[in-house]
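# Residue-level structure breakdown
In case you want the letters, here they are:
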Amino acid sequence: MDNPTQIEGDQGFIGFKSRENPLTLPQGFLQASHNMRLDRGMAQTRAGAKRLADDIALSSAPLTLPATLGTDKTVVSITRSGGTATATVTAHGYTTGDVVNIAGAAQTEYNLDATITVTGLDTFTYAVSGTPTTPATGTIVANSGPIVRTTYAGGVFAAGVYSSPRVENGDEYIVIASSDTAFLWRDGAGLITKTYPVTDVIEANDDVTILQAFDRLYIFRDRNEEAKAVTSLTQTTGTATCTIAGHGYAVDDVVRITGADQAGYLADFLITAKTDDTFTFTVPSGTVSPATATAPLKMYARRVQPPLYWDGLTGTNFVRASIGTHPTGPTYSRLRSSAVVGYFNNQIVQLWEKDSFAVTDILDPDTIDPVLKSFRANVGSNDKGIAIHPFQGGALLAFMRKSIYRAEINIASDGQSFDAASSYIKLMTNEVGCNARRSIVTAGDKVLFLSDNGVYMLQAGLDLNLLGNTQPLSNDIADIFDSVNHNAVHLSNAVFFKNRYWLAIPTTLENGEMAEAPNTLLVYNILNQAWESVDKYSFNLDQLCVSDYGTQRRLYVSSRAGKLFLLDENTNGADDQNEGSGQDVVAGSITTRRFSWGSPTSKRFMRVLSNVVIPENGGVSVSASTYDPDGTHSVGSATNTGADEDFSLKYSVRRKCHYGEVTIASTAGRPVIRSVAAEATLSSTPPNSETRSSY
């Protein structure tokens, strides 16, 4: 017994802590977990991602979904009466409700993926927007695929979900918003395509939010353009003329005027005519002229993008929300161009100015009283609004860049203003703010979000305390957040699903460069109260969302390139590649805490023991790392060509060290790791300076 054998290990796994000293980790905690799921104490390689939709390319490639494309049929003629087009196609063979792609008309309003109504063997009708010339001209074809549009200036800008009784009895669809079209996808259903007005194309740098409100599907957009100082602003018989040298705006652009003392000029307006240095728009004819601005304020104009919405009806497409001065009077307003928006108690709440929020009237998305129904979440600091998030008990959380406010918004008996007695706004903290609005999720009585210092959790209570005071929830993996690209961190996004907080963030790529889009998925397990895994994929994680798949709720991800993937689906442990039928093996691995075997002295690391379930055609590799002296050693591997089977792995290490750790990685399939242990022999007499050389 001069060299007794010591064994140290874990019979189950709770989570991982990559920031802490691996020697001080408690039992059951790992120092690394990649592409793994920790359930009931067992570690298993995650299931692979299944590709459901091929790409919308940034220029000309189509979106390809599970649909059977038909053949082009010649359209003999298209005529229009009001908003209804009648197409003549000899023996078309279509049925009412089919989605048919119309292409080739010189009048582009006729060209769309239309849900048709059959009116005869050779005719059908569909809805069109605007007043295109009738009859249509050009070489026109129809295809019942549908054929999806082939040009997308910027790929996919946002994704979300939409469910309305107006659409397939309330079935939920994933919404993918491209530059000129929104696609509604649902497992087992035909693709629904809805176009935007031709003047409302989403541009490359637009900030976009998808929101369902009032049974409408809204696309809110914010265009980050520099405001331009106004030289003069006058009006004659309702036509305002704004002078800005070399403004660069075009007819049909929408501009926002700010800083004027006269409320009639303070709105978003459609440019009706222009010269190089002036442009015109419509205002109330009684508006004071010329406009003035009280010093030190100045008047500015900025090009904006009004909200778009679709009412859910079969024969309609997206339309632009109303703009211009409100008909009730110039002190009222309409929805603005802002991607910071929420839906709360049958009202839309949106960022109005840098640090203030405005609330629409109940069940009236087109009316806002910015005097009686707005609140400011800032008192004289340089903070700015990032997100608005509804919470329990009728509360709204206003997330700023450097602070968080809680607002109670109650409507007075007149139905048009806030009840001053019961409405208030309260500063919760000015030590922590939010840097990515789409990272905010509600998980029961908790709200999780990403800040500059990592992930925080708000715990519901009398005052919504920050859980752990100022210590972030991500403190255990703070080293991972050190690699975040802060120029792209605002693109981070998250969902709460299956008792987990899934957070996609942009981190350093393998080549050492910073990712420009979310490429890393961090998983926090609420039940284990620990971080579970760092997942990597071959595609960007631009927007996570939860929707139906078959009879279950599932986790999806959409990428800017137009990919739609179902996560944790392929049971063979392989991700579908971005193109074609190829797959990439999911590289799952865990690294144990560092073992000292109860002594800081030198010992001999003898062997690794592990209980693993290896599936058919699956495999694992095992390596051991030693410290003082340092080294990493491959000690064994195992594969299984038969049915799923339990393996008791025992591999010799036989290396001198002071400390050791074990890494087990999957090489194929989805092995389940139940336990890991390491054996070492210790000397009966601790070494000293005289005996170390012989030890």
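For clarity, every value in this text was computed on a predicted model and none was experimentally measured.

Our next topic: the overall build of the chain. Secondary structure summary: the chain contains one helix and 59 strands in total. Seen through its principal axes, the chain has C-alpha atoms that stretch 105 × 70 × 50 Å. In the chain, which comprises 695 residues, the share counted as buried stands at 53%. Excluding contacts between residues fewer than 6 apart, the proportion of contacts in the chain whose partners are at least 24 apart in sequence is 61%. Of the accessible surface of the chain, which amounts to about 29,300 Å², a share of 48% is contributed by carbon and sulfur atoms.

What follows deals with the pattern of salt bridges. If you walk through the whole model with that rule in mind, you get 33 salt bridges. Linking Arg 593 and Asp 10 is a salt bridge whose minimum nitrogen-to-oxygen distance equals 3.1 Å. A residue pair is termed long-range when its members are at least 10 positions apart, and Arg 593 in the loop between β53 (589-591) and β54 (603-614) and Asp 10 in strand β1 (residues 5-10) qualify at 583 residues. Across the pair Asp 548 and Arg 553 runs a salt bridge whose closest N-O atoms are separated by 2.8 Å. Here the salt bridges do not stand alone but share partners, grouping Glu 203, Asp 206, Arg 223, Glu 225, Asp 253 and Arg 303 into one network.

The next point concerns the packing of aromatic side chains. All told, the structure shown has 19 aromatic pairs when counted by the stated rule. Taken together, a centroid distance of 5.6 Å and an interplanar angle of 70° make the contact between Tyr 249 and Phe 279 edge-to-face. One end of the pair, Tyr 249, is in the loop between β24 (239-243) and β25 (254-258); the other, Phe 279, is in strand β28 (residues 278-282), and 30 residues separate them in sequence. Note on Tyr 249: relative accessible area 4%, which makes it buried. In this structure Phe 279 comes out as buried when scored by relative accessible area, which is 0%. Taking 5.0 Å as the distance between ring centres and 65° as the angle between the ring planes, the aromatic pair formed by Tyr 524 and Trp 531 counts as edge-to-face. On the basis of relative accessible area, Trp 531 is assigned to the buried category, the value being 1%. In textbook terms, an aromatic cluster arises when at least three aromatic residues are bridged by ring pairs, as seen for Tyr 249, Phe 269, Phe 279 and Phe 281. Residue placement shows Lys 228 over the ring face of Tyr 249; its charged tip is 4.8 Å from the ring centre. Here Arg 336 stacks its cationic end above the ring of Trp 352, 4.0 Å away from the centre of that ring.

Time to look at the nonpolar core. Among the nonpolar cores identified, the biggest contains 52 residues, and Phe 481, Tyr 501, Ile 590, Phe 605, Val 662 and Ile 673 are the most heavily contacted of them. Once you skip the residues sitting within four places of it in the chain, Ile 673 turns out to touch Phe 13, Met 36, Met 42, Ala 43, Ile 590, Ser 610, Asn 611, Val 612 and Ile 664.

It is worth spelling out the sheet that holds strand β42 (residues 446-451) at this point. Picture the strands of a sheet paired through backbone hydrogen bonds; they go either parallel or antiparallel. Strand order in this open sheet of three strands is β41-β42-β43, and the pairing throughout is antiparallel. At either margin of the open sheet sits one strand with a lone partner, and together these are β41 (441-443) and β43 (454-459). For this sheet, the mean inter-axis angle between neighbouring strands, taken without regard to orientation, is 30°. Sheet topology note: the β42/β43 ladder contains six bridges and is antiparallel. Its bridge partner being in β43, Phe 449 is matched across the sheet by Tyr 456.

Bringing the confidence of the model for the chain into the picture now. Summary statistics for the chain give a mean pLDDT of 89 and a share of 92% for residues scoring 70 or more. Here residues 146-153 is modelled with pLDDT under 50, and outside its nearest four sequence neighbours on either side it reaches 38 contacts, counting other chains as well. With pLDDT under 50 throughout, residues 689-695 is counted as low confidence; its partners more than four residues away or in other chains account for nine contacts.

Read across the open sheet, the four strands follow the order β22-β29-β25-β26; overall the sheet is antiparallel. The sheet is open, and its two borders are formed by β22 (228-229) and β26 (268-270), each paired with just one other strand. Looking at chain direction, β22 and strand β29 (residues 300-304) are connected through two bridges and run antiparallel. By the bridge assignment for β29, Lys 228 is matched with Ala 301.

A separate point is the side chain of Asp 253. Tracing the sequence through the fold places Asp 253 in the loop between β24 and β25. Here Ala 250 takes part through its backbone nitrogen, which lies 2.9 Å from a polar atom of the side chain of Asp 253. Here Asp 253 is in contact with Phe 269, Leu 270, Ile 271 and Arg 303, once residues within four sequence places are set aside.

Here the residue pair Ser 289 and Pro 290 is connected by a cis peptide bond, since its omega of 0° sits within 30 degrees of zero. Mapped onto the elements, Pro 290 comes out in the loop between β28 and β29. Residue Pro 296 is reached from Ala 295 by a cis peptide bond, and omega for that bond is 10°. Summarising the element assignment, Pro 296 is placed in the loop between β28 and β29. One non-glycine residue, Thr 237, lies in positive phi territory at about 45°. Among the structural elements, Thr 237 can be located in the loop between β23 (232-236) and β24. Despite not being glycine, Lys 498 has its phi angle at roughly 50°, a positive value. Mapped onto the elements, Lys 498 comes out in the loop between β44 (493-497) and β45 (500-505).

A word on the side chain of Asp 542. With respect to the helices and strands, Asp 542 occurs in the loop between β47 (530-536) and β48 (543-549). Arg 560 is the oppositely charged side chain nearest to the buried, salt-bridge-free Asp 542, at an N-O distance of 6.3 Å. Among all residues touching Asp 542, those that are not within four sequence positions of it are Arg 438, Leu 491, Asn 493, Ala 517, Pro 518, Val 557, Ser 558, Ser 559 and Arg 560.

With that settled, consider the environment of Ser 602. Looking at where Ser 602 falls in the secondary structure, it is placed in the loop between β53 and β54. C-alpha separation for the pair Ser 602 and Tyr 659, spaced 57 residues apart in sequence, amounts to 7.9 Å.

Looking at the element boundaries, Asp 535 is found in strand β47. Separated by 501 residues in sequence, Asp 535 and His 34 place their C-alpha atoms 5.8 Å apart. Beyond its immediate chain neighbours, meaning those up to four positions away, Asp 535 contacts Asn 35, Met 36, Arg 37, Arg 46, Asn 519, Thr 520, Leu 521 and Val 523. Engagement of the side chain of Asp 535 in a polar contact is seen with the side chain of Ser 533, the distance being 2.6 Å.

Criteria and cut-off values
Residues numbered from 1 in each chain as written. Predicted model: local features only at pLDDT ≥ 70, side-chain atom pairs only at ≥ 80, totals over all residues. Heavy atoms only, no water. Helix = DSSP H or I, 4+ residues; strand = E, 2+ residues; numbered from the N terminus. Buried < 20%, exposed > 50% of the residue type's maximum accessible area, 1.4 Å probe, protein only. Contact = heavy atoms within 4.5 Å. Areas by Shrake-Rupley, 256 points an atom, 1.4 Å probe, with all protein chains shown as cover. Salt bridge = Lys/Arg side-chain N within 4 Å of Asp/Glu carboxyl O. Phe/Tyr/Trp six-rings, centres within 6.5 Å; stacked < 30°, edge-to-face > 60°. Lys NZ or Arg CZ within 6 Å of the ring centre and 35° of its normal. Core = buried A, V, L, I, M, F, W, Y, C linked by side-chain atoms within 4.5 Å. Pairing = 2+ DSSP bridges. Axes fitted to C-alpha atoms, helices over the stretch in contact; angles between N-to-C directions. pLDDT = per-residue confidence, 0-100. Polar contact = N/O pair within 3.5 Å; in protein donor to acceptor, adjacent residues only side chain to side chain. Lys, Arg positive; Asp, Glu negative; His and termini not counted.

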